[in-house]
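Structure assessment
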There are 4 protein chains.
Amino acid sequence: MQRARTPEAKDDRRGVFAGAALDEFYEKGFAAARMEDIARRVGFSKGALYLYFDSKEALFEAVVENFAMPNVARLETVAATAGGVGAVIDAMTTLAPVIIREGRIPKIAKVLIGDAPAFPAVATAYRQKVIDRVLAVITGVLKKAKAASEIDIGEPALAARLIVAPMIFSAVWRIMFEHDDEAHFDLDAFFSQHGIMLKRAFKLEAAA
Amino acid sequence: MQRARTPEAKDDRRGVFAGAALDEFYEKGFAAARMEDIARRVGFSKGALYLYFDSKEALFEAVVENFAMPNVARLETVAATAGGVGAVIDAMTTLAPVIIREGRIPKIAKVLIGDAPAFPAVATAYRQKVIDRVLAVITGVLKKAKAASEIDIGEPALAARLIVAPMIFSAVWRIMFEHDDEAHFDLDAFFSQHGIMLKRAFKLEAAA
Amino acid sequence: MQRARTPEAKDDRRGVFAGAALDEFYEKGFAAARMEDIARRVGFSKGALYLYFDSKEALFEAVVENFAMPNVARLETVAATAGGVGAVIDAMTTLAPVIIREGRIPKIAKVLIGDAPAFPAVATAYRQKVIDRVLAVITGVLKKAKAASEIDIGEPALAARLIVAPMIFSAVWRIMFEHDDEAHFDLDAFFSQHGIMLKRAFKLEAAA
Amino acid sequence: MQRARTPEAKDDRRGVFAGAALDEFYEKGFAAARMEDIARRVGFSKGALYLYFDSKEALFEAVVENFAMPNVARLETVAATAGGVGAVIDAMTTLAPVIIREGRIPKIAKVLIGDAPAFPAVATAYRQKVIDRVLAVITGVLKKAKAASEIDIGEPALAARLIVAPMIFSAVWRIMFEHDDEAHFDLDAFFSQHGIMLKRAFKLEAAA
DNA sequence: CATGAATGAGTCTTCATTCAT
DNA sequence: GATGAATGAAGACTCATTCAT
């Protein structure tokens, strides 16, 4: 195979292996995934994979690390750029089906849900570095709007979770029923309806 | 250990083993769970477990089969007994935190999310026998109310999913952060707020 | 294969495995010896071996533990029973070729010399439990004789080592040249001459 | 790293690698020693090592070849130069502790004892080229002295082995207990006493 | 019925060796 | 000549499954 000689080429290769690992972990779960299959999936030998990761566990951690971050940034940008709560809700409910369909986030979610219990430290790190940040962004927007009396809302931190819940739901749904044709439903319509209901629930309808 | 002689005693024992298996599958995942540990957890030997289940896979199927059903029945009863949509929402948002805290449902969810992808048939069977029925119950109530013009709602089938989403969310949350003290939030308040927002979103407020 | 069900049968089996391990470690060295070969040598599977020893390293320790002790006892008895220094020297130089030819001691010596550097704790334990005791027995006899002015000798502890040296020499020789026909020499004559020279060196000739 | 262009430079480098290999084989044993570690120990890459030796086995043979010879020459010189048996004994018992402490001989001994059984040809070659010559030198001196009735001795070939035995003993001791502080004893006193006892045993005392 | 000893297929990991750069 | 990335054979160890007791 091609040889990665420069540091950049090696970084790229790490990413390639991590991507392959995500797919295998997603399909088989951490314990059932085979290092050899991960390597072969991108045309390398088992041994090459061990040049980049010391162990299967290290690979798992790298996978979570690698693919969670970029998506947080995307959400933060959306929240920061959008005007008010209504705009944020619109942006998020528009972005959500795209992210869900794109595939990586549901895969990470599946891997974390399925295997993180065996790696509590990974789960906690993920919460701190990804989930808390996402929730903080949304909670911040809601708090500001509440202070300005724009919306009628209870505890912003809980509302933030209620906003996010359908994303988790659809990610989980996708994970479980990807190959089950009868199970599919219209993601766009689902999130659009979520947006409408949220705005009503926040009594934002007029503003929307 | 004790011997199970009557057919009833044998059925009981199957249930006991399945319960132990659920716990082990939940904690370690299907692949990493050991048959011996499952048996020992309830005071039996590995060999005894094989008297009741032909293989680890058969045990997995039995676990899903065994513990999903009772909860469907509970929900169906609630939906059937409650008066209108508002009452159903109240009943469900009151029941939800209890079920989440009780533990079995999040455990099954975790096992299914984590391991069902390796058993597509199990996942599909579960959807048909459990999820579809739950969603059907809720969808039915919403449809009737919509027909009676009690509520303002889009597609009832999607709304049903939006009602259920926070349950999945909190089940997943519990799975991932059970041992992460900083992560806990108030489940009762969460579902209470969910109920309030739903009723507003359905323009049911006055009726509630 | 036969099953070891009683604790005694299991102890026996441990010994059987340890014996097989000694042979393999002797022939190939610790690192090159294969667990499967050790097990097969006595008609068992790899897995069975792991029922009795947690790891290759644990097996190594058991081997040293198991086969060193009995021989210490033999020597101690000889030293305790024999009358004076001359008798002890006679007894030891008569016993030595038998022990060397019997095979187990040279094998353990080889295993320890070859592999103990990788297991310093094992080496130290062996010194304390085996070598020090053997040397102490001999040193004790020499000291008593010196105090009684029976022999003319320097430091008894060093003399004890000089008495033992040809045993180590011939063990090492046997290890290295077992299959080298040209290398053989007459062990009995060798130790007999050692005895004669020792008695002269101690000025015990008259007494002998 | 530096490049070796001339044939002499290449021979030097072979020696450098062989020295590193001796150290690694000594510390870890043949099977557990890593080619990369051997190369790195002298600042080269794995690949460079393979430019000089075709395989690990070839390297092993070179190690034995390389470091045994010089010491034989030293001993032969001593034996040839010294006047009579007494002088040879004095010279050898003075030289012995120096050689033992210097380290290379015990290391080779350890490597041979530990790993030669897996390489019978190497062991035999070593005996022929090193051990037999050393023993022959000593045996020759003893024979001459016996013929001249200078000493009272049995079989000279066996006596030669008895002279050498404490050297093997102390080499083995050093190998096994190098890092075991409680185990050290005074090498100079040990060999001095060996010399005294030998001369008495040969009835050379007067002459010494 | 229940037990746990025995089996052997399966997987992680290491490392001698090769070879593109 | 020198390097170190890539390969794949080999071996320790695990555990689902079987079966003698």
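Criteria and cut-off values
Residues numbered from 1 in each chain as written. Chains lettered and ligands numbered in written order. Predicted model: local features only at pLDDT ≥ 70, side-chain atom pairs only at ≥ 80, totals over all residues. Heavy atoms only, no water. Near = heavy atom within 4 Å. Polar contact = N/O pair within 3.5 Å; in protein donor to acceptor, adjacent residues only side chain to side chain. Helix = DSSP H or I, 4+ residues; strand = E, 2+ residues; numbered from the N terminus. Nonpolar A, V, L, I, M, F, W, Y, C, P; charged D, E, K, R; others polar. Contact = heavy atoms within 4.5 Å. Buried area = accessible area lost by both parts, 1.4 Å probe. 1 Å grid on protein atoms, 1.4 Å probe; cavity = no way out; pocket = protein on both sides within 12 Å on 5 of 7 lines; lining within 4 Å. Points joined across faces, edges and corners; volume = space filled by probe spheres on them. Domains from an automatic or database assignment. Salt bridge = Lys/Arg side-chain N within 4 Å of Asp/Glu carboxyl O. Bend = angle between axes of the 7 residues up to and from the residue. Least-squares fit on C-alpha atoms with pLDDT ≥ 70 in both.

Inspection of the region around DNA strand E gives 45 residues, with B:R3, B:K10, B:R13, C:R3 and C:R13 positioned closest. When atoms of DNA strand E within 4 Å of the protein are split into backbone and base, the sugar-phosphate part holds 67%. Within the side chain of B:R13, one N or O atom sits 2.5 Å away from a phosphate oxygen of DNA strand E. C:R40 is positioned such that a nitrogen or oxygen atom in its side chain is 3.3 Å from a phosphate oxygen of DNA strand E. If you list the elements that add at least two residues to the surface near DNA strand E, you get α3 (46–52) of chain A, α1 (7–28) and α3 (46–52) of chain B, α1 (7–28) and α3 (46–52) of chain C together with α3 (46–52) of chain D. Across the surface near DNA strand E, the residue classes tally to 18 nonpolar, eight polar and 19 charged.

With that settled, the discussion passes to the interface of chain B and chain A. Of the residues lining the interface, 51 residues belong to chain B; the matching set on chain A comes to 51 residues. Interface of chain B and chain A: buried area, both sides summed, is about 4300 Å²; carbon and sulfur atoms make up 71% of it. There are 12 residue pairs in polar contact (both at pLDDT 80 or more) connecting chain B and chain A. Where the side of chain B that touches chain A is concerned, the elements lending two or more residues are α1, α6 (104–115), α7 (120–147), α8 (156–177) and α9 (187–201) of chain B. If you tally residues by element for the side of chain B that touches chain A, the top one is α8(B), at 14 residues.

Turning our attention to the layout of surface pockets. For the largest pocket, the calculated volume is near 420 Å³. What lines the largest pocket is a set of 14 residues, among which C:R3, C:A4, C:A48, C:L51 and C:Y52 lie closest to the centre. Of all elements in the fold, only α1 and α3 of chain C reach the threshold of two or more residues within the lining of the largest pocket. Ranked by the residues each element gives to the lining of the largest pocket, the list is headed by α3(C), at three residues. Its residues assigned to classes, the lining of the largest pocket shows six nonpolar, two polar and six charged. Its boundaries defined by the atoms lining it, the second largest pocket holds a volume of some 250 Å³. For the lining of the second largest pocket, the elements supplying multiple residues, two or more each, are α1 (7–28) and α3 of chain A. Ranked by residue count, the leading element in the lining of the second largest pocket is α3(A), at three residues. Class assignment for the residues of the lining of the second largest pocket results in six nonpolar, one polar and four charged.

Further remarks concern the domain arrangement of chain A. All names here are of chain A. Assigned domains of chain A: these are domain 1 (1–53) and domain 2 (63–207). For domain 1 versus domain 2, the separation of C-alpha centres amounts to 30 Å. Taken together, the contacts link 10 residues of domain 1 with 13 residues of domain 2. Here domain 1 and domain 2 share an interface that buries about 1000 Å² over both sides, 70% of which is from carbon and sulfur atoms. Counting the surface domain 1 buries against domain 2, the share from its top three residues, L22, Y26 and F30, is 64%. Our count for the domain 1 to domain 2 interface comes out at one salt bridge.

Largest kink in α7(B): about 40°, centred on B:R127. Backbone geometry just downstream of α7(B) places B:S149 in the positive-phi region, at approximately 60°.

Screw-axis analysis of chain D against chain C gives a translation of 0.1 Å along the axis, an RMSD of 0.2 Å, and a rotation angle of 179°. Taken together, these values place the two copies in the relation of a two-fold axis. Looking at the rotation axis and the C-alpha trace of chain D, the residue lying nearest is D:G114, at 1.8 Å. Both copies present the same face, since 98% of the interface residues in chain D are matched by interface residues at the equivalent positions in chain C.

On the chain C side, the residues contacting the 50 residues of chain D number 51 residues. For the pair chain D and chain C, the summed buried area comes to about 4300 Å², and 71% of that belongs to carbon and sulfur atoms. On the surface where chain D and chain C come into contact, there are six salt bridges. Across the pair D:R127 and C:D180 runs a salt bridge, and its minimum N-O distance is 2.5 Å. Applying the counting rule to chain D against chain C returns 12 residue pairs in polar contact (both at pLDDT 80 or more). Contributing elements (two or more residues each) for the side of chain D that touches chain C: α6 (104–115), α7 (120–147), α8 (156–177) and α9 (187–201) of chain D. Looking at which element gives the most residues to the side of chain D that touches chain C, the answer is α8(D), with 14 residues. Looking at the side of chain D that touches chain C, its residues break down into 33 nonpolar, six polar and 11 charged.

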